[in-house]
Amino acid sequence: MALSRAERCLALLLRLLSRVCLALLGLVSPAPPRARPAPPRAVPPPRRPLLLLPARQLAARLRARQVTCVEVVEAYVERIKEVNPLINAVVKDRFEEALQEARQVDKLLSEAPGDDYLEEKFPLLGVPITVKEAFSLHGMPNTSGLVNRRNVIASSDATVVSRLKQAGAIPLGVTNCSELCMWYESSNRVYGRTNNPYDLQRIAGGSSGGEGGVLAAACSVIGVGSDIGGSIRMPAFFNGVFGHKPTTGVVPNDGQFPNAQGVRTSFLCTGPMCRYAEDLEPMLRVMAGPGVNKLKLDEKVSLEKIKFHCMDHDGGSIFVSPVDKEILQAQKKVVEHIEGELGVQVRRVAIHKMKYSFQIWSAMMSSKDSNGQEAQLFTDLLGDHGKPVWPLWELMKWLVGMSSHTLPAIALGLTEKLMKLNPGGNAKLVSMGKSLQEEMEALLGTDGVLLYPSHPTIAPKHHSPICMPFNFAYTAIFNVLGLPVTQCPLGLSSEGLPLGIQLVAASYNDHLTLAVARYLEKAFGGWVLPGKV
């Protein structure tokens, strides 16, 4: 499906508009005062050994009474207070409640009948956790970065949050996201901007950027994210941690704002974000609840029997940036390691339709569901049950500093209007998406894993995503395909920024990507301390 002349002109026009918007951002952003000393480049590394333990090991030490839950929670509270002023990841804390719950855990541990009982009933007992602010956490704000909702306080827990609390996890607070969770830089008019722990001048990603930053900075060990276009995987990539987008329909999305409607219920996924690969599976089991029975997490995975496939890029879409050389080099090292250590051949593939990832995602996000229900308009969500927002009017207001919305949200509203202008082309793209899904399922089967870049560039500087707005297509395509994907860190670049890779399997084969992630963590080191000299 070749691009028409009109589509090429549109792509060039969008790039031009993006650069104009970036220039305007530079004009309206206040210049930093000259008298102040230069801020630190990255957050300082954590000093407390307790902060460097995976959730599973932390829970085991608590059950063995080797450490008290109060000590653990106090260590994390201290760390958040130390670095959150630098990264702005935790937007509302519940430290007093968390310490009270820690004392209750210590009391339970002093009276409990045995470790086996505790591990079965409370697998995450005493483990600190953070939650994306888009999810309801009782007593915490639930704005999703929308100014109209700044006074909204959750009166209950989202389903996954409730399940994690029932498993013994202790929430420390909620973390930042992009406005309405639809942009890959976590910045909004309610809480401001989140910074990358490895370089404060760079983005933490979005929309679960607060979670990515808080995990990378050792302010939390496990977290809750959501993903409709890469909102778990991009922040996990930019911050050098693990993130898993489960197979569609396995983990409930209830209790988050905005929740998906219509066809988008098949694309939105709630999933775990962790510093350590070994914590992904236990988190997924708890979050999925009865839905875990759809997966094969109890199956033993023989890595030597997996059929590995590799794709270096999407084929050269004009809408996205070329893949960075260091990302390609990291992926090449993964291929060489798998072939050398496991004795298997990694098959290089070129899937032509992946070149149209952005167009397919956009068309499928705007399509009707099987009942003919239209997808909810983003401009309606911006109004939040009030009058729909007019993007052009908001853009005029933004230019004079009077809009309560961020520029990416306004731009998305404008893009949504443009998508409505070509229904015939959208129908062809939806058909192409369904064909691609069948092709992917056939390629991967029950024993295949695809290696694919998590993003075409390493964490960019603040505001610059507006110049490359469609780069999220590298993650978004797998949402509309419904496939499970794990983002796995692969060390740091020459600039000290995280590298990573996506591991993709066929539907309900999450156990394969999780197993490969654990393997690659051992081979390439996984999460790396930020600020380490």
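Provided above is the structure to which this section pertains.
I will try to describe carefully the structure that is included in this document. What you are looking at is a predicted structure, and each value in this text was computed from that prediction instead of being measured.

Attention shifts here to the environment of Asp-279. Assignment of secondary structure puts Asp-279 in the loop between β10 (269–274) and α9 (280–288). Here the alpha-carbon distance between Asp-279 and Val-221, two residues 58 residues apart in the chain, equals 8.9 Å. If sequence neighbours within four positions are ignored, Asp-279 has contacts with Pro-54, Ala-55, Arg-56, Val-221, Ile-222 and Cys-274.

A word on unusual backbone geometry. Note: most residues except glycine have negative phi, and most peptide bonds are trans. Note that the residue after Gly-206, namely Ser-207, is joined by a cis bond; omega there is 10°. Mapped onto the fold, Ser-207 is located in the loop between β7 (199–203) and α7 (209–216). You will see that Arg-65, though not glycine, has its phi angle at about 60°, which is positive. Among the secondary structure elements, Arg-65 is positioned in the loop between α2 (55–63) and α3 (69–87). We classify Arg-65 as partly exposed; its relative accessible area is 40%. The phi dihedral of Ser-144 is positive, around 55°, even though this residue is not glycine. Considering the arrangement of structural elements, one finds Ser-144 in the loop between β2 (128–132) and α6 (159–166). Looking at Ser-144, the relative accessible area reads 0%, which means it is buried.

Of all the nine residues making up helix α16 (residues 473–481), nine are buried; the element is thus mostly covered by neighbouring parts of the structure. Taken as a whole, α16 has its buried residues at Ala-473, Tyr-474, Thr-475, Ala-476, Ile-477, Phe-478, Asn-479, Val-480 and Leu-481. In the stretch just after α16, Gly-482 is the one whose phi turns positive, near 75°.

Attention now moves to the nonpolar core. Phe-308, Leu-451 and Phe-478 are the most contacted members of the largest nonpolar core, which totals 162 residues. Ranked by the residues each element gives to this core, the list is headed by α3, at 10 residues. The contact partners of Leu-451, leaving out residues within four places of it in the chain, are Phe-308, His-309, Cys-310, Met-311, Gln-331, Val-334, Val-335, Ile-338, Val-346, Ile-501, Gln-502 and Leu-503. Formed by eight residues, the second largest nonpolar core is a distinct cluster that contains Leu-180, Phe-378, Leu-381 and Val-389.

Here the focus is a nonpolar patch on the surface. There is a patch of nonpolar side chains on the surface, built from Trp-390, Trp-393, Met-396, Leu-399, Val-400 and Met-402 and spanning about 750 Å² of accessible area. Along the polypeptide, Met-402 turns up in the loop between α13 (391–399) and α14 (407–419). When its relative accessible area of 60% is taken as the criterion, Met-402 is described as exposed.

Reading the values: the criteria
Residues numbered from 1 in each chain as written. Predicted model: local features only at pLDDT ≥ 70, side-chain atom pairs only at ≥ 80, totals over all residues. Heavy atoms only, no water. Helix = DSSP H or I, 4+ residues; strand = E, 2+ residues; numbered from the N terminus. Contact = heavy atoms within 4.5 Å. Buried < 20%, exposed > 50% of the residue type's maximum accessible area, 1.4 Å probe, protein only. Core = buried A, V, L, I, M, F, W, Y, C linked by side-chain atoms within 4.5 Å. Patch = residues over 30% accessible without salt bridge, like charges linked within 9 Å, V, L, I, M, F, W, Y side chains within 5 Å. Areas by Shrake-Rupley, 256 points an atom, 1.4 Å probe, with all protein chains shown as cover. Salt bridge = Lys/Arg side-chain N within 4 Å of Asp/Glu carboxyl O.

By themselves, these figures tell us nothing about what the structure is for.
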